[in-house]
Amino acid sequence: MGYLRAAMRDLLTREELELLPAGFDHIGHVAVVALPRGLLQRAGEVARALLRVKGVRTVALRTGGVAGRLREPRVEVIAGDPVTETVHRENTCLFKLDVARVMFSLGNVFERARVARLVRPGEVVVDVFAGIGQFSIPIAKHARPGEVYAIELNPVAYRYLRENVRLNRVGHVVRPVLGDCARVAPRGVADRVVIGMLHVTHEYLPLALRVLKPGGGVIHYHESVPSKLRFERPVKRILEAASGRGVEILGERVVKRYAPGVDHIVIDAKIGPAEHESQKNFTVTYVT
Ligand SMILES: C[S@@+](CC[C@H](N)C(=O)[O-])C[C@H]1O[C@@H](n2cnc3c(N)ncnc32)[C@H](O)[C@@H]1O
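As the structure is a computational prediction, the values presented were derived from the model and not from experiment.

**Student:** Looking at this structure, I do not really get the site of the ligand. What am I missing?
**Tutor:** Around the ligand, 20 residues are found, and the nearest of them are Arg69, Phe129, Glu152, Asp180 and Cys181. Between the ligand and leucine 153 there is a distance of 3.2 Å, counted from a nitrogen atom to a backbone nitrogen or oxygen. For the ligand, a nitrogen atom lies 2.9 Å from a polar atom in the side chain of aspartate 180. In the complex, 94% of the free accessible area of the ligand, which totals 600 Å², lies under the protein chains. Among the residues forming the shell around the ligand, the class breakdown is 10 nonpolar, 6 polar and 4 charged.

The structure is reproduced here in structure tokens:
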């Protein structure tokens, strides 16, 4: 039995216990919990139970999913310290963020460590939707890449990205870039591309291919997909985008359950050389 259920066992009715979520997110000193409508009148008791968890000083209620292109979370502090800026530790990396302003998915923890283990010394990596550095920081810290370009559009996330580069002492290798990846991502430079903007990642596959070196490289492609279409739809999309280039699917995995019947998956695909040599003419453009 999870902590929340055990803590609330004597306080809630059996029907209310059925509604209780199995867990909560513990990000730095903040506990974030999603409660169904039928339990909202019990939010105070749930918050008091969460404030007893070691390291929790703030309890926030998730009031909706992440919103819009900038993936802004919808959370509201309901108990404890009103400060939602925190430092979260994961795999020896430090992530400073404001839990109420930028997204951070604990469900991706294994994937972040996994990708960092795949990076070979000297590789150039482009993290196309970098957020606060969820992939760039562990890659820079645990692998020995030549360079990691971390592209981020949301100025708030970008500020934390830069702060996290500093906190983790990886400024010699991570190049934070502020702007729309379609415009500012460097072309023709990468051995490896991480690309994940669920719901629309496929629209950026042509960009990911242009970001790779003309000789090709590996892409880690994230998608939210109905469970019955995994891994067929994402692989098909990669093959279509790369038509005319060789493609080798190196791996397929479910990162997490995204919603009932919908998975967040990642495909590791090795893309062969570009048909045309024109990519050699692309220049590296980035803003720091
Ligand atoms: C789903 S989050 C992923 C963050 C991180 N890579 C992770 O795995 O947790 C997507 C991020 O991409 C940013 N973003 C959205 N559109 C973008 C664009 N066109 N160019 C660059 N970044 C963008 C959002 O602000 C958000 O921080």
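**Student:** Help me out: how do you make sense of the pattern of salt bridges in this one?
**Tutor:** A side chain with one charge may pair with a side chain of the opposite charge, provided their charged atoms come close. Tallied over the entire structure, the rule returns 20 salt bridges. Residue aspartate 25 is joined to arginine 62 by a salt bridge in which the shortest nitrogen-to-oxygen separation is 3.1 Å. Note that aspartate 25 is positioned in strand β1 (residues 25–27) and arginine 62 in strand β3 (residues 58–67), a separation of 37 residues in sequence. Its relative accessible area of 24% is what places aspartate 25 among the partly exposed residues. Between glutamate 111 and arginine 114 there is a salt bridge, with its nearest N and O atoms 2.9 Å apart. Within this pair, glutamate 111 and its partner arginine 114 are both found in helix α4 (residues 109–118), separated by 3 residues, close to a single helical turn. Summarising the burial analysis for this pair, glutamate 111 and arginine 114 share the class buried.

**Student:** I tried to follow the sheet that holds strand β13 (residues 262–271) on my own but got confused; where do I start?
**Tutor:** The strands making up a sheet associate through hydrogen bonds between their backbones, and the pairing can be parallel or antiparallel. If you trace the 7 strands from one edge of the open sheet to the other, you get β9-β8-β7-β10-β11-β13-β12, paired in mixed fashion. Because the sheet does not close on itself, it has two edges, and the strands there are β9 (174–178) and β12 (247–259). When the angles between neighbouring strand axes are averaged without regard to direction, this sheet yields 15°. Both β12 and β13 contribute to a ladder of 10 bridges, which runs antiparallel. Bridge pairing in β13 links alanine 259 to valine 262. Contacts from helix α6 (residues 155–167) reach β8 (147–152) and β9, with the element oriented near 165° to β9.

**Student:** How should α4 be read in this particular structure?
**Tutor:** Along an α-helix, residues three or four apart share an orientation, since each turn contains 3.6 residues. What α4 keeps buried is the set Glu111, Arg112, Ala113, Arg114, Val115 and Ala116. For α4, the elements touching its buried residues are β5 (85–90), α5 (136–142), β10 (192–195), β11 (217–226), β12 and β13.

**Student:** Help me understand the sheet that holds β3 in this model?
**Tutor:** One open sheet holds the 4 strands; their spatial order is β1-β2-β3-β4, and the pairing between them is mixed. Pairing within the sheet leaves two strands with one partner each, and these edge strands are β1 and β4 (72–80). Within this sheet the neighbouring strands show an average axis-to-axis angle of 30°, counted without direction. As paired elements, β1 and strand β2 (residues 30–33) share 3 bridges and run antiparallel to each other. Residue pairing in the sheet places histidine 26 in a bridge with alanine 31 of β2. In the packing of helix α3 (residues 43–51) onto the sheet, the strands contacted are β2, β3 and β4, and the crossing angle to β4 comes to about 80°.

**Student:** Could you clarify how one ought to interpret the domain arrangement of the chain in this entry?
**Tutor:** Accessible area lost upon the coming together of the parts is a frequently used measure of interface size. Here the chain is described as being made up of domain 1 (3–83) and domain 2 (106–281). For domain 1 and domain 2, the distance between their C-alpha centres works out to 32 Å. Each partner contributes to the interface: domain 1 provides 7 residues, whereas domain 2 provides 8 residues. Counting the surface lost from both domain 1 and domain 2, the interface buries some 640 Å², and carbon and sulfur atoms represent 57% of this. With its nearest N and O atoms 3.3 Å apart, the salt bridge here joins arginine 69 to aspartate 180.

**Student:** I keep staring at the side chain of arginine 114 and nothing clicks. Help me out?
**Tutor:** Arginine 114 sits in the buried class, given a relative accessible area of 13%. A distance of 2.8 Å separates the side chain of arginine 114 from the side chain of aspartate 268, its partner in a polar contact. Among residues more than four places away in sequence, those in contact with arginine 114 are His220, Arg253, Val266 and Asp268.

What counts and what doesn't
- Residues numbered from 1 in each chain as written.
- Predicted model: local features only at pLDDT ≥ 70, side-chain atom pairs only at ≥ 80, totals over all residues.
- Heavy atoms only, no water.
- Near = heavy atom within 4 Å.
- Polar contact = N/O pair within 3.5 Å; in protein donor to acceptor, adjacent residues only side chain to side chain.
- Areas by Shrake-Rupley, 256 points an atom, 1.4 Å probe, with all protein chains shown as cover.
- Nonpolar A, V, L, I, M, F, W, Y, C, P; charged D, E, K, R; others polar.
- Salt bridge = Lys/Arg side-chain N within 4 Å of Asp/Glu carboxyl O.
- Helix = DSSP H or I, 4+ residues; strand = E, 2+ residues; numbered from the N terminus.
- Buried < 20%, exposed > 50% of the residue type's maximum accessible area, 1.4 Å probe, protein only.
- Pairing = 2+ DSSP bridges.
- Axes fitted to C-alpha atoms, helices over the stretch in contact; angles between N-to-C directions.
- Contact = heavy atoms within 4.5 Å.
- Domains from an automatic or database assignment.
- Buried area = accessible area lost by both parts, 1.4 Å probe.

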